[in-house]
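Structure assessment
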Amino acid sequence: MLTGRELYEEFSKDQLIDLLMADSRNIVAMDGVWFQSVERELGMDAAMHHDEEAWKRYTVTEARRIKKFLGLGENSGLEGLAQALPLRMVDRANNSSCEIIDGCLHYKIITCRVQEARSSKGMPLHPCKSAAVYEYGYFAREIDSRINCECVSCYPDLSEDGKGCSCYWRFTID
């Protein structure tokens, strides 16, 4: 019986990519399941508090692992962040865009699985900005401590600049 790495070595490249994408969707589902459990039992404010605390810790760990995987140095700049963001588990599950224009990295989640899932269940949209500020800000700072993160548009604070996407983040270097 094959276990661990041996099992994965038996899969084709396409099978591994399919599994990677399924895992991305699974982590988003798991995030939603625990969040909705807390939301039902303790209310939205408590669920958001725990969501923020979870993202403060998880996103730093994820950034360190991606940084190591990519072989990024301590000051890999916006270019390093542009390589790292699409590899995040949650971001792989969404449709996103990432581009550097005039010294700023513009990152947009075009289609958000979380918001789509809540909408399809008749639930109110997830007020994700307060947690996402930590999620994206802490991730960027772990990739390069000089990077600043600015929320351009994220529910519930949507802006005209964020039209056509679920959320929009702008990153700059100090």
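The structure displayed is predicted, hence computed values, not measured ones.

Observations regarding the overall build of the protein chain
Helix and strand counts for the protein chain stand at 7 helices and 4 strands. Along the protein chain, from the amino end to the carboxyl end, the secondary structure elements read α-α-α-α-α-β-β-α-α-β-β. In summary, the protein chain has a C-alpha radius of gyration of 17 Å against a globular reference of 16 Å for 174 residues, a match within 12%. Each of the three principal axes of the protein chain carries a C-alpha extent, and together these read 50 × 40 × 30 Å. Across the 174 residues in the protein chain, those meeting the buried criterion constitute 36%. Contacts in the protein chain between residues far apart in sequence, at least 24 positions, make up 59% of those at least 6 positions apart. Carbon and sulfur atoms make up 52% of the accessible area of the protein chain, which amounts to about 10,100 Å² in all. Seen as two clouds, the 21 positive and the 28 negative side-chain charges of the protein chain have centres 1 Å apart.

Points about the pairing of strand S2 (residues 104-111)
Relative to S2, strand S1 (residues 95-101) runs antiparallel, the two being bridged by 7 bridges. What sits directly across from Ser 97, in S2, is Lys 108. Counted between consecutive antiparallel strands, the loop separating S1 from S2 contains 2 residues, among which Asp 102 sits at a positive phi close to 50°. Sheet topology note: the S2/strand S4 (residues 167-173) ladder contains 5 bridges and is antiparallel. When the sheet's bridge partners are listed, His 106 is paired in S4 with Arg 170.

Re the layout of surface pockets
Of the volumes computed, that of the largest pocket is approximately 500 Å³. As for the largest pocket, its lining consists of 31 residues, of which Val 28, Asp 31, Cys 112, Val 114 and Gln 115 are closest to the centre. Of all the secondary structure elements, the ones that give two or more residues to the lining of the largest pocket are helix H2 (13-42), helix H3 (44-70), helix H5 (89-92), helix H6 (113-120) and helix H7 (129-143). Residue composition of the lining of the largest pocket, by class: 17 nonpolar, 6 polar and 8 charged. Here the second largest pocket defines a volume of roughly 340 Å³. Lining the second largest pocket, in full, are Leu 20, Tyr 58, Glu 62, Arg 65, Ile 66, Phe 69, Leu 87, Met 89 and Arg 92.

What counts, and where the lines are drawn
Residues numbered from 1 in each chain as written. Predicted model: local features only at pLDDT ≥ 70, side-chain atom pairs only at ≥ 80, totals over all residues. Heavy atoms only, no water. Helix = DSSP H or I, 4+ residues; strand = E, 2+ residues; numbered from the N terminus. Rg over C-alpha atoms; globule rule 2.2 N^0.38 Å. Buried < 20%, exposed > 50% of the residue type's maximum accessible area, 1.4 Å probe, protein only. Contact = heavy atoms within 4.5 Å. Areas by Shrake-Rupley, 256 points an atom, 1.4 Å probe, with all protein chains shown as cover. Lys, Arg positive; Asp, Glu negative; His and termini not counted. Charge placed at Lys NZ, Arg CZ, Asp CG, Glu CD. Pairing = 2+ DSSP bridges. 1 Å grid on protein atoms, 1.4 Å probe; cavity = no way out; pocket = protein on both sides within 12 Å on 5 of 7 lines; lining within 4 Å. Points joined across faces, edges and corners; volume = space filled by probe spheres on them. Nonpolar A, V, L, I, M, F, W, Y, C, P; charged D, E, K, R; others polar.

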